[in-house]
Amino acid sequence: MNRILAVDEQVRVIKALAHPARLQIVQALALGDRCVSDLQALVGGDLSTVSKHLTLMRRAGWVTCSKQGQQVWYRLACDCLPTFLRCVEDIGARCDSCDC
């Protein structure tokens, strides 16, 4: 039974990245901390939508935040995330060239 819960938790964490806007946010945060307005300008959409994406990723453990004055700044909580995404890109590139 514990094994099933662990898999469910892994699925929840991975699903938190499964959106184009969230992947753009992660790519930006891999370059350094960003405030919400910077991320909004990057992905477009309204502030509440970007905030919902960030909340989901924070709850999944991908990002952390800190308040500095009136702004909330986000950073990656997991240093291995850029490596994980490069691995995903490599797998995608291999699958594009295979016949399976």
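Heads up: the structure comes first, above all this text.
Thresholds applied
- Residues numbered from 1 in each chain as written.
- Predicted model: local features only at pLDDT ≥ 70, side-chain atom pairs only at ≥ 80, totals over all residues.
- Heavy atoms only, no water.
- Helix = DSSP H or I, 4+ residues; strand = E, 2+ residues; numbered from the N terminus.
- Expected span 1.5 Å × (residues − 1).
- Buried < 20%, exposed > 50% of the residue type's maximum accessible area, 1.4 Å probe, protein only.
- Arc of directions from axis to C-beta.
- Salt bridge = Lys/Arg side-chain N within 4 Å of Asp/Glu carboxyl O.

(A) Quick look at helix α4 (residues 47–60). Taking 1.5 Å as the rise per residue, α4 with 14 residues should run 20 Å; its terminal C-alpha atoms sit 20 Å apart, in good agreement. For α4, every residue scored as buried is listed here: Val50, His53, Leu54, Met57 and Ala60. The arc that holds the buried residues of α4, viewed along the axis, is 125 degrees, so those residues lie on one side. Relative to its buried face, α4 has exposed residues pointing more than 90 degrees away, namely Lys52 and Arg59.

(B) Focus on the pattern of salt bridges. Scanning the entire structure with this criterion turns up 2 salt bridges. Across the pair Arg12 and Glu9 runs a salt bridge, and its minimum N-O distance is 2.5 Å. Linking Arg12 with Glu9, this pair stays in helix α1 (residues 2–15), spanning 3 residues, or about one helical turn. Two residues, Arg75 and Asp33, come together in a salt bridge whose shortest N-O distance is 3.4 Å. Here Asp33 lies in the loop between α2 (20–29) and β1 (34–35) and Arg75 lies in strand β3 (residues 71–76), a separation of 42 residues in the sequence. For Asp33, a relative accessible area of 36% corresponds to the partly exposed category.

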